[in-house]
Amino acid sequence: MQAAHKEHLYKLLVIGDLGVGKTSIIKRYVHQNFSSHYRATIGVDFALKVLHWDPETVVRLQLWDIAGQERFGNMTRVYYREAMGAFIVFDVTRPATFEAVTKWKNDLDSKLSLPNGKPVSVVLLANKCDQGKDVLTNNGLKMDQFCKEHGFVGWFETSAKENINIDEASRCLVKHILANECDLMESIEPDVVKPHLTSPKIVSCSSCAKS
Ligand SMILES: Nc1nc2c(ncn2[C@@H]2O[C@H](COP(=O)(O)OP(=O)(O)OP(=O)(O)O)[C@@H](O)[C@H]2O)c(=O)[nH]1
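- The name given to the chain in an unreviewed UniProt entry is Ras-related protein Rab, and the organism recorded there is Panthera leo.
- UniProt, in its Function (unreviewed entry) section for the chain, records the words "The small GTPases Rab are key regulators in vesicle trafficking."

Laid out in structure tokens, this is it:
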């Protein structure tokens, strides 16, 4: 007999300032390649990543690559609709892109929430860590504190160029989304048993970031 097959489809947003590496992160994650050539995203791009989460579970991630130049524009409300999670990306070599992170987070929280009113899960990516100019995240405790204060579920130093921590960051986000989905199902239909949902362990900000 075949094992029960569970399928999840999640829309994930990838947002952050211009040129921080959103498209490159998605390219690395989905197509396993990298280009140093920069071409600004116009509007929004899409990519699909299929994860074989466990022997019975397939998770499909619909990644929305939103142009940095859309910054807080009217269209973001439309793009954010029905997303279950997000990556907010900054460039470790450009401090101004880190300063913009809270604005991206606040903008997201003001336009998007889960059906139970809770904020969606967001993971912070400190990208281009291969550049070795990371003055921002060298104090990990400060970053953990920043994540707690601003409601990020975790943070990762990433490099699309060197393929560092992108899979790990995605796993962290998906774990939180699966956990949120369990909460949602319980809050909507508390008496109905949902045999197709497992209850994943919720990871804390720091353990998630350092796994
Ligand atoms: N060294 C290094 N360069 C990177 C990395 N990620 C992206 N880049 C470079 O940074 C530039 C911008 O990357 P993109 O992925 O286009 O940035 P983006 O955030 O999608 O930009 P917009 O679509 O304009 O918002 C490109 O030249 C990339 O090659 C990385 O991890 N390390």
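From this point, things continue past the structure.
**Looking at the site of the ligand**
Okay, so step 1: Taken together, 23 residues surround the ligand, and among them Lys 22, Ser 24, Tyr 38, Thr 41 and Asp 130 come closest.
Okay, so step 2: At 3.0 Å from an oxygen atom of the ligand is found a main-chain nitrogen or oxygen belonging to Gly 21.
Okay, so step 3: Measuring from an oxygen atom of the ligand, one finds a side-chain N or O atom of Lys 22 at 2.7 Å.
Okay, so step 4: Here the ligand loses 93% of its free accessible area of 650 Å² to cover by the protein chains.
Okay, so step 5: Given that more than half its atoms are within 2 Å of the pocket grid, the ligand belongs to the largest pocket.
Okay, so step 6: For the shell around the ligand, the element with the most residues is helix 1 (residues 22-31), which contributes 3 residues.
Okay, so step 7: Across the shell around the ligand, the residue classes break down as 7 nonpolar, 11 polar and 5 charged.

**Looking at empty space enclosed by the protein**
Okay, so step 1: Tallying each qualifying case throughout the model produces 2 cavities of 30 Å³ or more.
Okay, so step 2: If you trace the largest cavity, you find it lined by Val 14, Ile 25, Ile 26, Tyr 29, Leu 63, Phe 87, Leu 125, Thr 158, Ile 166, Ala 169 and Ser 170.
Okay, so step 3: Per-class residue counts for the lining of the largest cavity are 9 nonpolar, 2 polar and no charged.

About the criteria used
- For every chain, the first residue of the written sequence is number 1, and numbering continues from 1 onward in sequence order.
- Since the coordinates come from a predicted model, pLDDT governs what is reported: local features require at least 70, and pairs of side-chain atoms require 80 or more to be given and counted, while whole-chain, interface and lining totals use all residues.
- The basis for the side-chain values is all heavy atoms of the structure; hydrogens and waters are excluded.
- UniProt positions are given in the numbering used here, feature names are shortened, and annotations may be inferred rather than shown by experiment.
- Any residue with a heavy atom positioned within 4 Å of a molecule or strand is treated as near that molecule or strand.
- N or O atoms within 3.5 Å of each other form a polar contact, as long as, within protein, one can give a hydrogen and the other can take it, and as long as residues adjacent in sequence are counted only when both atoms are side-chain atoms.
- Here the open area of atoms and residues is found with the Shrake-Rupley method and a 1.4 Å probe, where only the protein chains shown may cover a residue.
- Definitions used throughout: a 1 Å grid over protein atoms alone; a cavity as a set of points that fits a 1.4 Å probe which cannot get out; a pocket as an open set with protein on both sides within 12 Å along at least five of seven lines; a lining residue as one with an atom within 4 Å of a point.
- Those molecules having more than half of their atoms within 2 Å of a cavity or pocket grid point set are described as sitting in that cavity or pocket.
- Secondary structure elements follow DSSP: runs of H or I no shorter than four residues count as helices, runs of E no shorter than two count as strands, and numbering proceeds from the N terminus.
- Residues are sorted three ways: Asp, Glu, Lys and Arg are charged, Ala, Val, Leu, Ile, Met, Phe, Trp, Tyr, Cys and Pro are nonpolar, and all the rest, Gly among them, are polar.
- Grid points are joined across faces, edges and corners, and a volume is the space filled by probe spheres set on the points.

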